[in-house]
Amino acid sequence: MPAPHPHLDFLSEAIATARAARRPVAIRGGGTKDFYGGPVAGDTLDVRPLSGITSYEPTELVITALAGTPLAEVESVLAGGGQHLAFEPPRYGAGGTVGGMVAAGLSGPARARAGCVRDHVLGVTLINGRGEFGTFGGQVMKNVAGYDVSRLLAGSLGVLGVLCEVSLKVVPRPVASVTLVRSFDESGALSLLNTLHRRPLPLGASAWYDGGLYLRLEGSEPAVAAGCAALGGDRLDDTQAAAWWAGLRDQTQPFFAAPGPDLWRLSLPPTAPAIPLAGGQLIEWGGALRWWRTDAPAEDVRRRATVLGGHATRFRGARPVRDPFTPLPEPLRRVHRELKKAFDPDHILNPGRLYPEF
Amino acid sequence: MPAPLVDASAPTRSAGSEARRRELLGALARVLSGEAILADSEATAPFECDALSAYRVRPLVVVLPRTDEEVAGVLAACRALGTPVVARGAGTGLSGGALPHAEGVTLSLARLNRILAVDPVACTATVQAGVRNLAISDAAAPHGLYYAPDPSSQLACSIGGNVAENSGGVHCLKYGLTLHNVLGVRGYTIDGERIEFGGQALDTPGLDLLSIVVGSEGMLAVVTEVTVRLLPRPEVARCILASFATVEAAGRAVAEVIAAGIIPAGLELMDRPMVGAAERFVHAGYDLDAAAILLCESDGTATEVDAEIARITKLLTDCGATRIEASRDEAERLRFWSGRKNAFAASGQLSPDYMCMDSTIPRRRLAEMLRAIEGMQARYGLTCVNVFHAGDGNLHPLILFNANDADELRRCEAFGADILETSVRLGGTISGEHGVGIEKLNSMCVQFSPAEREQMFRIKRAFDPAELLNPGKVIPTLHRCAEYGKMHVHRGVSAFPDLPRF
Ligand SMILES: Cc1cc2nc3c(=O)[nH]c(=O)nc-3n(C[C@H](O)[C@H](O)[C@H](O)COP(=O)(O)OP(=O)(O)OC[C@H]3O[C@@H](n4cnc5c(N)ncnc54)[C@H](O)[C@@H]3O)c2cc1C
């Protein structure tokens, strides 16, 4: 059991002070996702000194780490145990923290098959806006004691609490991984993708860009070999394949990294048809995630996503915007407002990061 | 656990409460047809308990709506009159979650039992809340698809109940719990307003409310419709049945399988008394000399499964398995499982009643836990048999007792509470999949600090400010915890053992 951490006292005092002075704090780890969400006017509260892996037992399939622990450290320790975070969290540069990863709630290319960040959160310790510590969930796979507060924190962008420690489910790395590439136009790629998840294939990730459909098969050797035979296509060499998926995961590929129009993230039912969009498009998650670079007005982009049964986020752009996320309908909006009050009655934690009103 | 609430007699009412009851019946009659309202005590009797039958309360009224509009109308009426509402699926819950409220309405979702859509392209099914778990897989079968979470009660339990409890099954180590297999739920707030959590896409804007609604035991909203993810049926499944001379050896074997990078489709452990009971009940061919047996399943393509079965067989043999068999065909696989699937029923043959506990512990503490339970058997003078979802650390000790003997019931409750407290102390939790309901309220005082419990109350009030949805369940009041008199114990590993916890 590690000793109490001095930075914890610092954090809870900072919250108490902020509360007394009604001065908001902007919670920050490595700042790799500063671009994501609305702007926060507040004093920066750096979580990074709260760092270290609390426990890791590969055979329990769980890792527990303080929130400021570098994500890279967690990933390298897991790799040492032959395991990984199955949802492939995007890193967007060096220095990201495990707490920031959970708070941002973003998942990478493997999401459609492996699940998202929330699916892998087992427990958290947090400080709410009253300065109270609380531990929810735990270090075990199955836990239904009370509401699952720990999973609610995934993707909450710091508006409910300062994450201090998180426990995550980890899994063995697949033994084999092969990437196949085939030429397809957008609708051809989508129709094929929509037949694939119906078949018992070890499809770990998929993406379409610029006429190429990339399929990553992963699992046991025999399953991957059978999958390759069933799908066909050109096999990328392993180094090239690893680089390609990392470029997608971390958005360093030119589609994302080149200067130009805003980057929109459309989360849609995977069966949504091809959308004729001016500007570049990249598809992930078997059709459920579509990235679009455009300067079209936000209302237009949102309308297209809503009509198809999904939602659109202004993910990155030249300037920050106050309302990057799709507005909530009632009564969801009221529930959000009330939940914010339940955790942070004085609105001192990251106000404006998720929605302008909290 | 609370004192038994045996209140099955027709209650006598004061004039005031009789007037309130008439007002309620009048309001309900405006939204429901007469046959959908059960008010006399003979008609409401079948609803007085769930599968935790030691606790019974006769509800004021039972309603059986057929449509979403009727559900909305019932909720709006109850909200207006300040009447508590207890949602009910199939009533197979094991923690008293659907135990009626004596002054409240029991809202049965049983008639909302239509499969609305099976989409073989998106691999989803949208069904009403009262649809039985197994009926979803049956409807998906013609497309080669199925719904993965498979509680042993899957023939009877409803998907709405599964969502409320975040239920698991023997295959959830590989395929996840209810939460991991549900895309979206629709339902109504206590005000009767339609609300949707999740959807058809893989995420939604804002907070991930689906993750607290799943597992909220009917306290945040009433669910009327669920969209689940369907998976392609694996080509083959095979199961290994292995015997061990000690529980420790079986526990070590489980750790070795996982350490080898294998996530089996199912990994279950039974101790000797349980094996004996199951064997007598269904003749599965279990080894009666074993101290513990393991069931370990592999699924996938035929080549993949054969390779995995060979690897697991070698690992288990190296870990000292005293007998080992791998199923050769589907009939044999089902026979291996039959004892496990009937474990609860088999325990029912051992004694008039059993109390099924449901805690989770870090897997490495298994042997320690079983030794502690052995000690408790002597202390409380009752027998306990054990089944264990060994892959994910979820333990089901079944305490055998006679509910008609008040002292046995009291000892059984104390035994159960002791198991839960020990689980928390070992770094685990008081419920893995059956929920808190009414049964584990006291144990919540042990697992959570007052500030943590108050945070949960605040969450409840964010959805249900008047606290009318399933009141009195899941979160114990400060007062109740004070009366129970046991302090919150710190969980196994914590980075902050010395922090004040309010
Ligand atoms: C023999 C047996 C074996 C079992 N095996 C397992 C197992 O392997 N794994 C497992 O996890 N559980 C198991 N259970 C427990 C039980 O079957 C599950 O908890 C199941 O999900 C309950 O479903 P139900 O429809 O019967 O719900 P009910 O018992 O009717 O209700 C359970 C809770 O859900 C709420 N609820 C029900 N429907 C709704 C709705 N539509 N909206 C909002 N709230 C609602 C109720 O208020 C209550 O709090 C078993 C039970 C038995 C009797």
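Residues numbered from 1 in each chain as written. Chains lettered and ligands numbered in written order. Predicted model: local features only at pLDDT ≥ 70, side-chain atom pairs only at ≥ 80, totals over all residues. Heavy atoms only, no water.

## Focus: the overall build of chain B
Okay, so step 1: Along chain B, the regular secondary structure elements total 18 helices and 19 strands.
Okay, so step 2: Against the 2.2 N^0.38 benchmark of 23 Å for 502 residues, chain B shows a C-alpha radius of gyration of 23 Å, consistent with a compact globule.
Okay, so step 3: Considered along the principal axes of its C-alpha atoms, chain B spans approximately 70 × 55 × 50 Å.
Okay, so step 4: Residues counted as buried form 62% of the 502 residues belonging to chain B.
Okay, so step 5: Within chain B, residue pairs in contact and separated by at least 24 positions form 74% of the contacts whose partners lie at least 6 positions apart.
Okay, so step 6: Averaging the positions of the 48 positive and the 60 negative side-chain charges in chain B gives two centres separated by 2 Å. (Helix = DSSP H or I, 4+ residues; strand = E, 2+ residues; numbered from the N terminus. Rg over C-alpha atoms; globule rule 2.2 N^0.38 Å. Buried < 20%, exposed > 50% of the residue type's maximum accessible area, 1.4 Å probe, protein only. Contact = heavy atoms within 4.5 Å. Lys, Arg positive; Asp, Glu negative; His and termini not counted. Charge placed at Lys NZ, Arg CZ, Asp CG, Glu CD.)

## A few points about helix α9 (residues 238-249) of chain A
Residues and elements named next belong to chain A.
Okay, so step 1: For α9, which comprises 12 residues, the first-to-last C-alpha distance of 16 Å matches the rise-based estimate of 16 Å (1.5 Å per residue) to within 8%.
Okay, so step 2: Among the residues of α9, Ala241, Trp244, Trp245, Gly247, Leu248 and Arg249 are the ones counted as buried.
Okay, so step 3: Of the surrounding elements, those touching the buried residues of α9 are α2 (71-80), β10 (176-183), β11 (203-209), β12 (212-219), α10 (254-257) and β15 (281-284).
Okay, so step 4: At the N-terminal boundary of α9, the capping side chain belongs to Asp237, with an oxygen 2.9 Å from the backbone nitrogen of Thr239. (Expected span 1.5 Å × (residues − 1). Polar contact = N/O pair within 3.5 Å; in protein donor to acceptor, adjacent residues only side chain to side chain.)

## What about the packing of helix α14 (residues 366-380) of chain B against helix α15 (residues 406-425) of chain B?
Residue and element names in this part refer to chain B.
Okay, so step 1: For the pair α14 and α15, interaxial distance at closest approach is 10 Å and the crossing angle is 155°. Classified by the angle between their axes, α14 and α15 sit roughly antiparallel to one another. Considering how the two elements wind past one another, α14 and α15 form a crossing that is right-handed. Between α14 and α15, the contacting residues are Met369, Ala372, Ile373, Met376, Gln377, Arg379 and Tyr380 on the first element and Arg411, Ala414, Phe415, Asp418, Ile419, Thr422 and Ser423 on the second. (Axes fitted to C-alpha atoms, helices over the stretch in contact; angles between N-to-C directions. Parallel < 35°, antiparallel > 145°, perpendicular 65-115°, else oblique. Left-handed = near helix turned anticlockwise from the far one by under 90°.)

## Focus: the state of the cysteines
All names here are of chain B.
Okay, so step 1: By the definition in use, this model includes one disulfide over all chains.
Okay, so step 2: Note that Cys445 is cross-linked by a disulfide to Cys481, the S-S spacing being 2.1 Å. One quick way to see it: the torsion about the S-S bond of Cys445 and Cys481 is about -80°, and its sign makes the bridge left-handed. In this pair, Cys445 is assigned in helix α16 (residues 441-447) and Cys481 in helix α18 (residues 478-484), connecting sequence segments 36 residues apart. Cys481 matches Cys445 in its accessibility class, with the two residues each being buried.
Okay, so step 3: Distance from the sulfur of Cys172, which forms no disulfide, to the nearest cysteine sulfur (Cys157) is 13 Å. (Disulfide = S-S within 2.5 Å.)

## Considerations on unusual backbone geometry
Residues and elements named next belong to chain A.
Okay, so step 1: In this structure, Pro331 follows Glu330 across a cis peptide bond, with omega equal to 0°.
Okay, so step 2: With respect to the secondary-structure elements, Pro331 resides in the loop between β17 (311-316) and α12 (332-343).
Okay, so step 3: The backbone of Asp210 shows a phi angle near 55°, a positive value even though the residue is not glycine.
Okay, so step 4: With respect to the helices and strands, Asp210 occurs in the loop between β11 and β12.
Okay, so step 5: Positive phi outside glycine occurs at Trp285, with the angle close to 55°.
Okay, so step 6: Locating Trp285 in the fold gives a position in the loop between β15 and β16 (289-294).

## Digging into the layout of surface pockets
Residue and element names in this part refer to chain B.
Okay, so step 1: Of the pockets and cavities examined, the second largest pocket occupies roughly 840 Å³.
Okay, so step 2: If you go around the second largest pocket, you meet 49 residues; those closest to its centre are Thr92, Gly93, Cys157, Gly161 and Glu165.
Okay, so step 3: Contributions of two or more residues to the lining of the second largest pocket are made by β3 (85-88), α5 (159-165), β10 (222-229), α12 (330-341) and α13 (343-348).
Okay, so step 4: Residue contributions to the lining of the second largest pocket peak at six residues, all from α5.
Okay, so step 5: A per-class count over the lining of the second largest pocket returns 20 nonpolar, 21 polar and eight charged. (1 Å grid on protein atoms, 1.4 Å probe; cavity = no way out; pocket = protein on both sides within 12 Å on 5 of 7 lines; lining within 4 Å. Points joined across faces, edges and corners; volume = space filled by probe spheres on them. Nonpolar A, V, L, I, M, F, W, Y, C, P; charged D, E, K, R; others polar.)

## Re the pattern of salt bridges
Pairing of side chains with opposite charge becomes possible as their charged atoms draw close.
Residue and element names in this part refer to chain B.
Okay, so step 1: Following the criterion strictly, the structure yields 57 salt bridges over all chains and no others.
Okay, so step 2: In this structure, the salt-bridge partner of Asp407 is Arg410, at a minimum N-O distance of 2.8 Å. Of this pair, Asp407 and Arg410 are both found in helix α15, three residues apart, which corresponds to roughly one turn of the helix. (Salt bridge = Lys/Arg side-chain N within 4 Å of Asp/Glu carboxyl O.)

## Things to note about the pairing of strand β5 (residues 115-119) of chain B
Remark: a regular strand shows side chains that alternate across the two faces of the sheet.
Residue and element names in this part refer to chain B.
Okay, so step 1: One ladder, built from four bridges, connects β5 with strand β6 (residues 124-128); its direction is antiparallel. Looking at β6, one finds that Ile115 is bridged to Val127.
Okay, so step 2: The turn linking β5 back onto β6 is made up of four residues, and Cys123 within it adopts a positive phi angle of 60°. (Pairing = 2+ DSSP bridges.)

## Focus on the domain arrangement of chain A
Residue and element names in this part refer to chain A.
Okay, so step 1: Each assigned domain of chain A is listed with its residue range as follows: domain 1 (6-172 + 334-343), domain 2 (176-249) and domain 3 (262-316).
Okay, so step 2: On a C-alpha basis, the centroid separation for the pair domain 1 and domain 3 is 27 Å.
Okay, so step 3: In this complex, domain 1 contributes nine residues to the contact, which on the side of domain 3 involves five residues.
Okay, so step 4: Taken as a group, Phe35, Tyr36 and Tyr92 account for 52% of the area that domain 1 buries against domain 3, more than any other trio of residues on that side.
Okay, so step 5: In this assembly, domain 1 and domain 3 are joined by zero salt bridges.
Okay, so step 6: Its residues assigned to classes, the side of domain 1 that touches domain 3 shows six nonpolar, two polar and one charged. (Domains from an automatic or database assignment. Buried area = accessible area lost by both parts, 1.4 Å probe.)

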